[in-house]
Amino acid sequence: MNIDASLLLQAAQAAAGGQQYPAATLYLVATPIGNLADLSLRAIQALSLADALACEDTRQGGGLLRHLGLHKPLIALHQHNEREASAAVIARLAAGERVAYASDAGTPAISDPGAVLVQEVVSAGYRVLPLPGPSSAVTALSVAGDTAATGFAFAGFMPTKAGERRMALQAVLAAERQSQVVFEAPHRIVDLIALLAELAPMRSVTVCRELTKQFESIHTAEAAALPAWLAADAQRQRGEFVLVLHAAAPQAAAEDDLPAEALRVLALLVAALPLKQAVALAAQISGAPRNRLYDAGLKLKNGGDE
């Protein structure tokens, strides 16, 4: 054990050692999403007391233990073997052991394995003790500043197939009063941003890249402006992404509340121009809100259908 690891374990013992860590219990340990300093002292204490560590990737889990100067048996438990590996965890719990579980990064069972394990352990009659900690979804929500939202929902990754992807994103956007958290991989971020710009050009989006890491970046803009922003710097397309789709701004429910002159101008422009251009011009001419003009223009384009 090196001196740094020894100091970490001493600090964890001093801060969290007085808490209860019952035997025959599964401990869900949230691990850093990019910055090792985010590992809590309580998590360190739980790992030090665990008889074994189940983990999504034994290379990641083993590396975390080495950072702490710990040596524990490792159980590979990932999306392809979660139910089978849960049996090995339950066998250890039956022997009175403490077992910790950690996914590769963040909080287990949030777009990571862990839910099946929890279900199996609880069904077998054993306790599950969650240790709160890092979560990229919550981290992104905290920095989005979405004052219009009445709550939030976690959508995770969108489907990879284009048709399914469009339908899933439309469903996400339909929840207009909530912030929606979406994950995306670097090789698909351009396509996702383009689709957002098409489906909800006026919706504010916070794009978080490489959260907690050295090259972390956070940018909020209307979806319509994001394709150009993303294309302006190749570095903006690299890394892991968390997007917060902001709630739609509070507004009157129907275009009937728009001034009659604004609707007249909009109708003329929609008949002659692409929708986004017509809305932009109508907003300049009438001074009416762009988001309400866009909704009204969309209905005009669709022949009045909802």
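Whatever comes next refers back to the structure up there.
Since the structure is predicted, the reported quantities are computational estimates derived from the model, not experimental observations.

(A) Quick peek at the pairing of strand β8 (residues 204-209). Of all six residues that make up β8, five are buried, and the element is covered over most of its length. Where β8 lies against strand β9 (residues 217-222), six bridges are found, and the strand directions are antiparallel. The partner of Arg-209 across the bridge, within β9, is Ser-217.

(B) Structural detail: the packing of aromatic side chains. Scanning the model with the defined rule gives three aromatic pairs in all. Each ring, one from Tyr-21 and one from Tyr-27, has its centre 6.3 Å from the other, and the planes form 35 degrees; the classification is tilted. Under the relative-accessibility criterion, Tyr-21 is labelled buried at 8%. On the numbers, 5.6 Å between centres and 75 degrees between planes, the contact of Phe-157 with Phe-183 is edge-to-face. Here the residue Phe-157 occupies a position in strand β6 (residues 152-157), and Phe-183 occupies one in strand β7 (residues 179-184), the gap between them amounting to 26 residues. Its relative accessible area of 39% is what places Phe-157 among the partly exposed residues.

(C) Local environment of unusual backbone geometry. Positive phi outside glycine occurs at Ser-111, with the angle close to 60 degrees. With respect to the helices, strands and loops of the structure, Ser-111 is situated in the loop between β4 (98-102) and α5 (115-123). Not every positive phi belongs to a glycine, and Thr-212 is a case in point at roughly 70 degrees. With respect to the element layout, Thr-212 can be found in the loop between β8 and β9.

(D) Structural view of the sheet that holds β8. Taken together, five strands build an open sheet; the order of strands is β6-β7-β10-β8-β9 and the sheet is mixed. Strand pairing shows two members of the sheet lacking a second neighbour, β6 and β9, which therefore form its edges. Strand-to-strand twist in this sheet, taken as the mean axis angle between neighbours without regard to direction, amounts to 20 degrees. Judged from the five bridges that link them, β8 and strand β10 (residues 241-245) form a sheet pairing that is antiparallel. Each bridged residue has a counterpart across the sheet, and for Val-207 the counterpart in β10 is Leu-243. Across the sheet, helix α7 (residues 162-174) is in contact with β6, β7 and β10; its angle to β10 comes to roughly 45 degrees.

(E) Region of interest: the sheet that holds strand β3 (residues 74-76). Pairing in this open sheet of five strands is parallel, and the strands run β3-β2-β4-β1-β5 from one edge to the other. Edge strands, defined here as strands with exactly one partner in the open sheet, are β3 and β5 (127-131). Averaged over all pairs of adjacent strands, the angle between their axes in this sheet comes to 25 degrees, without regard to strand direction. In this fold helix α2 (residues 41-49) packs onto β1 (25-29), β2 (52-55), β4 and β5, with an angle of close to 140 degrees to the strand it touches most, β5. Sheet contacts for helix α4 (residues 82-94): β1, β2, β3 and β4; angle to β3, the most-contacted strand, approximately 150 degrees.

What counts and what doesn't
For every chain, the first residue of the written sequence is number 1, and numbering continues from 1 along that sequence. Two thresholds apply to this predicted model, a pLDDT of at least 70 for residue-level local features and 80 or more for giving and counting side-chain atom pairs, whereas whole-chain, interface and lining totals are computed over all residues. Water and hydrogen atoms play no part in the side-chain values, which are based on all heavy atoms of the structure. Think of it in three bands: with a 1.4 Å probe and only protein chains considered, a residue is buried below 20% of the maximum accessible area for its type, exposed above 50%, and partly exposed in between. Numbering of helices and strands starts at the N terminus; helices are DSSP runs of H or I of at least 4 residues and strands are runs of E of at least 2. When DSSP finds two or more bridges between two strands, those strands count as paired. Paired rings are identified among Phe, Tyr and Trp, the last through its six-membered ring, by centres lying within 6.5 Å, and are further divided according to the angle between planes into stacked (under 30 degrees), edge-to-face (over 60) and tilted (the rest). Axis definition: a line fit to C-alpha positions, over the contact stretch in the case of helices; interaxial angles, taken between N-to-C directions, run 0 to 180 degrees. By definition, residues are in contact when any of their heavy atoms lie within 4.5 Å.

Nothing here speaks to function; it is all geometry.
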